[in-house]
Amino acid sequence: MSFVLIDKPRPHVTLITLNRPERMNAMAFDVMVPFREALEEVSADNDTRVVVITGAGRGFCSGADLESSGRIPGVKGLTRTSIARRSMEILDDVILGLRKMHQPVIGAINGPAIGGGFCLSVATDIRLASESAYFRAAGINNGLTASELGISYLLPRAIGSSRAFEIMLSGRDVDAAEAERIGLVSRVVPEEKLLDECLDLADRIIGFSRVGVEVTKRMLWSGLEAGSMHAHMDAEGHAQLYVRLTTQNFEEAIIARKEKRVPEYKD
């Protein structure tokens with residue numbers, strides 16, 4: 001049984017599913033290593049224009065597997081200290097891998113996103129949630145920190161610092177309705193419609209220029225790390241000129257609008 005499934009439910013859309021529903025898709029290394037490999041594989045698939053990530057069963061991802069962490073690759077002969085460091089790097093690579101993907105990544109948050117699963121959800125580019133979804137920074141509840149896998153960087157930028165501090169320090173649950181209200185997810189939909197809503201959004205994105213979409217994703221992430229607005233505006237300007245001067249997309253958009261048809265971008 002594969003713990004990670006890769007499907008193409010619609011043209012140019014790849015669906016990656018964490019497939020260990022009996023453990024609510026917990027982040028055992030037997031799951032995360034193939035998931036990391038799947039992200040690399042799909043990113044390199046030039047037929048894929050948008051990626052959707054979800055969990056099998058009733059949960060998105062329940063974070064650390066409290067029964068068995070699974071087999072950690074490449075640690076033979078290492079001490080516990082080094083094994084711990086290598087283990088964290090594997091999980092870090094999953095989060096960074098989402099950001100590095102050429103394609104936009106839509107998180108279909110179909111149920112609980114707890115601990116590392118919360119981190120995983122926040123690392124997606126766009127999040128849609130089912131009514132049964134909820135989020136919990138569980139590390140603080142387990143005698144650890146709530147800060148892991150980039151969440152203390154990403155969450156304040158997604159919802160503001162005060163809300164992020166309160167959620168991470170209290171360890172409380174954030175249900176789907178609150179998640180939508182505070183901007184943690186774009187919208188909440190009935191569970192049976194979640195995947196279709198994500199795929200419809202993917203179809204809309206696919207209708208635009210490939211390079212325009214990829215560069216927009218890169219600029220949005222770069223903006224979160226920009227040292228100043230002026231510096232980021234310079235980067236945006238060069239990105240815009242790159243697409244404008246190396247493609248005929250702008251001309252095609254104008255002609256298509258006059259001819260009352262859908263643009264056909266050739267980039």
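A short tour of the structure in this document, coming up. No experiment lies behind these values; they were computed from the predicted model shown.

### A closer look at the environment of Leu 241
Inference 1: Within the fold, Leu 241 resides in helix α9 (residues 229-246).
Inference 2: Separated by 136 residues in sequence, Leu 241 and Val 105 place their C-alpha atoms 25 Å apart.

### Considering the pattern of salt bridges
Inference 1: Tallying each qualifying case throughout the model produces 23 salt bridges.
Inference 2: Taking the shortest distance from any N to any O, the salt bridge between Arg 20 and Asp 65 comes out at 2.7 Å. With Arg 20 in the loop between β2 (13-18) and α1 (29-43) and Asp 65 in the loop between β3 (50-55) and α2 (80-100), this pair connects stretches of sequence that are 45 residues apart. For the residue pair Arg 20 and Asp 65, the accessibility class agrees, reading buried in each case.
Inference 3: It is possible to trace a salt-bridge network through shared partners that takes in Arg 20, Glu 22, Arg 23, Asp 65 and Glu 67.

### Here's the deal with the sheet that holds strand β6 (residues 126-130)
Inference 1: The strand order β1-β2-β3-β4-β6-β9 describes an open sheet built from six strands, whose pairing is mixed. The open sheet has two edge strands, β1 (4-10) and β9 (187-189), and neither has a second partner. This sheet shows a mean twist of 25° between the axes of neighbouring strands, independent of strand direction.
Inference 2: In the sheet, strand β4 (residues 105-109) pairs with β6 via four bridges, with the strands oriented parallel. Bridged to Gly 107 within β6 is Arg 127.
Inference 3: Packing of α1 onto the sheet brings it into contact with β1, β2 and β3, and relative to β2 it is tilted by some 175°.

### Focus on unusual backbone geometry
The general pattern is negative phi for most residues beyond glycine and trans for most peptide bonds.
Inference 1: Not every positive phi belongs to a glycine, and Met 24 is a case in point at roughly 50°.
Inference 2: Tracing the chain through its elements places Met 24 in the loop between β2 and α1.
Inference 3: The exposure class of Met 24 is buried, given its relative accessible area of 15%.
Inference 4: Residues other than glycine seldom take positive phi values, yet Lys 260 does so here, at roughly 55°.
Inference 5: With respect to the helices, strands and loops of the structure, Lys 260 is situated in the segment after α10 (249-258).
Inference 6: By relative accessible area, which is 76% here, Lys 260 ends up exposed.

### Observations regarding the environment of Gly 63
Inference 1: Residue placement: Gly 63 occurs in the loop between β3 and α2.
Inference 2: Note on Gly 63: relative accessible area 1%, which makes it buried.
Inference 3: C-alpha of Gly 63 to C-alpha of Ala 26: the two residues are 37 residues apart in sequence and 5.0 Å apart in space.
Inference 4: Non-local contacts of Gly 63, meaning those with residues more than four positions away in its chain, are made with Ala 26, Met 27, Ile 114, Gly 116 and Gly 117.

Procedures and definitions
Residues numbered from 1 in each chain as written. Predicted model: local features only at pLDDT ≥ 70, side-chain atom pairs only at ≥ 80, totals over all residues. Heavy atoms only, no water. Helix = DSSP H or I, 4+ residues; strand = E, 2+ residues; numbered from the N terminus. Salt bridge = Lys/Arg side-chain N within 4 Å of Asp/Glu carboxyl O. Buried < 20%, exposed > 50% of the residue type's maximum accessible area, 1.4 Å probe, protein only. Pairing = 2+ DSSP bridges. Axes fitted to C-alpha atoms, helices over the stretch in contact; angles between N-to-C directions. Contact = heavy atoms within 4.5 Å.

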